Amino acid sequence: MNFQKHKNTLIFLSILLLAFVLRLFYLSHESIWLDEGISIAMAKLNFAQLIDKSVIDSFPPLYYLLLHYWMLLLGDSELSVRFLSLVFSVASIVVSYQLTKYLWQEKVALITAFLLAISVFHIDYAQEARMYSLLTFLSVSSFYFFLKWKDSAAKKWMFLLFLINLLFLYTHTLAVFFIAAQNIYYFLLKKKGAIVVKSWIILQLLLLLAFLPWIQIFLLQASVWQNMVWMPAPTIRDIAGTLSTYSGSILLTLVFCVLILKALIPYKKEQLKFNFLVFWLAFPTALLLVFCFLFQSIYLQKYTIASSLPFFILVAYGIQSFEQKKHKIGMLSAITILAAIKLAVYYAQEDKEQWREAVALVESNADKNDVILFDAAYCKHNAFDYYVKRSDLNKLPLIDVREELNESNILRLDSLSAKAKSTWLVLSHSRDEKALLAQKIKTDFQVLLHQKLIGIELYQLRRRTN
């Protein structure tokens, strides 16, 4: 075998192996948390039930459908349900490599793949049973096929772009902003080398038609959301912090931003390529921010994960733009050390809700005559029940899913615990804005056990007799 001939291929395969190992390491170490529990509960439904349930969920059903069939094959363990995200995360690196190689030389593509392989941001979502790794894969695939079709207008790229964008839309509604960005970028292109306008418009109309069933559902959901406050409007700090989240640390952010500026210095030489990447990086997020300020705040940094890929491609180009090899190696070595430090902290810390530990504590101490109450009813089905093994536990919601605790409904604590030997309170995602539970516990109950876990607070209580 001629090593020099296959050198880049071997390097790329080594990077993929590194990415796989870093994503597999500690994959099932932490408990399933609430959002992952929602994914699993949705995926356990049959096809018709899943579609019906998606109507009241915040996201389109594609990820849940994929997870449904994945679980039928491989089960619903922590390792299994998270492994699907791992697969999409590694696949994103493959497509990012192909896209970068198409834009520039293979060396930039290899650096891009390496940066993504060691990115704690992408590793984090590769280890979570949610749709964000799928979203990343579909985003980079969409923009890769867009580039290929723009340059050749071949029908196969048109079909693949249509298919990927349709899957993109049925994974996350915010895909609308990315497809809108593609449309704006397309119409800003010079005529030379542009796709035939008629073909492009037909493609968008077909996409709209195929997504029409979910648009009706989305409008129905929006009418409910407009009266709900999910999250505060994003601040300048939140927006600037998004780049820090992509990078993994403040120091890496500074290094990456300097490298991007270095990449953009010879702007005219690679103008179209830089325009494309900067547009992909900035414009969908800009559209999201406009939506947040005009309508409803839905800004979360993880919602912009599909925009993080051009960020890493620009950083890779900045590294490759060093003229001397020793400077490239030095910069890559420094980035690797900083990323390794961040990864060590990431693996050492636990930040997911500790439902495994909470359930173990309750099951080992609860009497069959106890009652277990949840202040957030959805935590019972979507998190607690995932780990519970005992069938004799009496588990009840303290209040309805859409309620907040108030002076009236908190009295249910008395009636629900009246005949119980002891009462367990499982507090997580609490809607007790006035701290009424703490007051009630202090005045009417004896605390037998109080345990604070990550994202969960447990009480075992007994009613005072005097």
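Calculation rules
Residues numbered from 1 in each chain as written. Predicted model: local features only at pLDDT ≥ 70, side-chain atom pairs only at ≥ 80, totals over all residues. Heavy atoms only, no water. Helix = DSSP H or I, 4+ residues; strand = E, 2+ residues; numbered from the N terminus. Rg over C-alpha atoms; globule rule 2.2 N^0.38 Å. Contact = heavy atoms within 4.5 Å. Lys, Arg positive; Asp, Glu negative; His and termini not counted. Charge placed at Lys NZ, Arg CZ, Asp CG, Glu CD. Pairing = 2+ DSSP bridges. Right-handed = clockwise from strand over helix to strand, strands pointing away. Buried < 20%, exposed > 50% of the residue type's maximum accessible area, 1.4 Å probe, protein only. Salt bridge = Lys/Arg side-chain N within 4 Å of Asp/Glu carboxyl O. Arc of directions from axis to C-beta. Core = buried A, V, L, I, M, F, W, Y, C linked by side-chain atoms within 4.5 Å. Axes fitted to C-alpha atoms, helices over the stretch in contact; angles between N-to-C directions. Parallel < 35°, antiparallel > 145°, perpendicular 65-115°, else oblique. Left-handed = near helix turned anticlockwise from the far one by under 90°. Nonpolar A, V, L, I, M, F, W, Y, C, P; charged D, E, K, R; others polar.

**Q** So what about the overall build of the chain? Which residues, and what values?
**A** Helices and strands together make up the secondary structure of the chain, namely 20 helices and five strands. Relative to its length of 466 residues, the chain is compact, with a C-alpha radius of gyration of 25 Å against a globular reference of 23 Å. When contacts within the chain are restricted to residue pairs at least 6 apart in sequence, long-range pairs at least 24 apart make up 75% of them. Here the chain carries 46 positive and 33 negative side-chain charges, and the mean point of each set is 13 Å from the other.

**Q** Describe the pairing of strand 2 (residues 394-397), and please don't skip the residues or the numbers.
**A** For a regular strand, side chains alternate in direction, first toward one face of the sheet and then toward the other. Across four bridges, strand 1 (residues 371-374) lies against strand 2 in parallel orientation. Counterpart to Leu-373 in the pairing with strand 2 is Leu-396. Read from strand 1 through helix 18 (residues 377-387) to strand 2, the crossover connection turns out right-handed.

**Q** How would you summarise the side chain of Arg-130 if you had to cite specific residues and measurements?
**A** Inspection of the secondary structure assignment puts Arg-130 in the loop between helix 7 (120-126) and helix 8 (132-152). Buried and unpaired, Arg-130 has no salt bridge, with Asp-35 as the nearest side chain of opposite charge at 4.4 Å. Not counting residues up to four positions away in its chain, the partners in contact with Arg-130 are Asp-35, Glu-36, Ile-38, Ser-39, Phe-59, Tyr-63, Tyr-64 and Ser-85.

**Q** So what's going on with helix 17 (residues 355-365)? Residues and values would help.
**A** Taken as a whole, helix 17 has its buried residues at Trp-355, Ala-358, Val-359, Val-362 and Glu-363. Viewed along the axis of helix 17, the buried residues span an arc of 125°, placing them on a single side of the element. On the buried face of helix 17, the contacting elements are helix 2 (34-43), strand 1, helix 18, strand 3 (423-427), strand 4 (445-453) and strand 5 (456-463).

**Q** Now, about the side chain of Asp-35: what can you tell me, with residues and values included?
**A** Mapped onto the fold, Asp-35 is located in helix 2. Every residue in contact with Asp-35, bar those within four places of it in the chain, is listed here: Arg-130 and Lys-302.

**Q** For the environment of Phe-143, give the residues involved together with the corresponding values.
**A** Inspection of the secondary structure assignment puts Phe-143 in helix 8. In this structure, the C-alpha to C-alpha distance between Phe-143 and Asp-400, residues 257 residues apart in sequence, is 43 Å. Non-local contacts of Phe-143, meaning those with residues more than four positions away in its chain, are made with Leu-99, Phe-178, Gln-182, Phe-276 and Trp-280.

**Q** Outline the pattern of salt bridges, listing residues and values.
**A** Taken as a whole, this structure holds 13 salt bridges when the rule is applied. Among the ionic pairs, Glu-78 bridges to Arg-356, the shortest N-O distance being 2.9 Å. One end of the pair, Glu-78, is in helix 5 (residues 78-103); the other, Arg-356, is in helix 17, with 278 residues separating them in the sequence. Accessibility expressed as a relative area gives 26% for Arg-356, which makes it partly exposed. Across the pair Asp-385 and Lys-395 runs a salt bridge, and its minimum N-O distance is 2.8 Å. With a gap of ten residues between them, Asp-385 in helix 18 and Lys-395 in strand 2 connect regions that are remote in the sequence. Classification of Asp-385 as partly exposed rests on a relative accessible area of 22%. A cluster of three or more residues bridged by salt bridges with shared partners is formed by Asp-414, Lys-440, Asp-444 and Arg-463.

**Q** Describe unusual backbone geometry, listing the residues and the values that go with them.
**A** Trans is the prevailing form of peptide bonds, just as negative phi is the prevailing case for residues other than glycine. Its identity as a non-glycine residue notwithstanding, His-429 has a phi of 50°, on the positive side. Topologically, His-429 is positioned in the loop between strand 3 and helix 20 (436-444). A relative accessible area of 32% places His-429 in the partly exposed class. The phi dihedral of Ala-435 falls on the positive side, at around 55°, and the residue is not glycine. Note that Ala-435 resides in the loop between strand 3 and helix 20.

**Q** A description of the pairing of strand 1 should follow, citing residues and the corresponding values.
**A** Side chains of strand 1 alternate between two faces, with Val-371 and Leu-373 and Ile-372 and Phe-374 buried alike. Judged from the four bridges that link them, strand 1 and strand 3 form a sheet pairing that is parallel. Of the residues in strand 3, the one forming a bridge with Val-371 is Thr-423.

**Q** For the nonpolar core, give the residues involved together with the corresponding values.
**A** Nonpolar side chains tend toward joint burial in soluble globular proteins. Ranked by internal contacts, the top residues of the largest apolar core, which has 138 residues, are Leu-99, Phe-276 and Trp-280. In terms of residue count, helix 8 provides more of this core than any other element does, twelve residues in total. If we ignore the near neighbours within four places in the chain, the residues touching Trp-280 are Leu-99, Ser-139, Val-140, Phe-143, Phe-178, Ala-306, Ser-307, Leu-309, Pro-310 and Ile-313. Leu-373, Ile-410, Ile-441 and Tyr-459 belong to the second largest nonpolar core, which has 16 residues in total.

**Q** Hey, could you go over the sheet that holds strand 1 for me, with residue numbers and the actual values?
**A** If you trace the five strands from one edge of the open sheet to the other, you get 2-1-3-5-4, paired in mixed fashion. Both outer strands of the open sheet, strand 2 and strand 4, are each paired with one neighbouring strand and no more. Neighbour-to-neighbour, the strand axes of the sheet open up by a mean angle of 20°, direction not taken into account. Seen against the sheet, helix 17 touches strand 1, strand 3, strand 4 and strand 5 and runs at an angle of roughly 20° to strand 5.

**Q** Outline the environment of Ala-418, supporting the account with residue identities and numerical values.
**A** With respect to the helices, strands and loops of the structure, Ala-418 is situated in the loop between helix 19 (412-417) and strand 3. The sequence separation of Ala-418 and Gln-98 amounts to 320 residues, and the corresponding C-alpha distance is 64 Å.

**Q** Break down the packing of helix 1 (residues 7-24) against helix 5 for me, with residues and values.
**A** At a closest axis distance of 10 Å, the pairing of helix 1 and helix 5 adopts a crossing angle of 155°. What the angle tells us is that helix 1 and helix 5 run roughly antiparallel. Once helix 1 is placed against helix 5, the crossing between them reads as right-handed. Along its contact with helix 1, which presents Phe-12, Leu-16, Ala-19, Phe-20, Arg-23 and Leu-24, the element helix 5 presents Leu-79, Phe-83, Leu-86, Ser-89, Val-90, Ile-93, Val-94 and Tyr-97. Looking at the contact of helix 1 with helix 5 residue by residue, the classes come out as twelve nonpolar, one polar and one charged.

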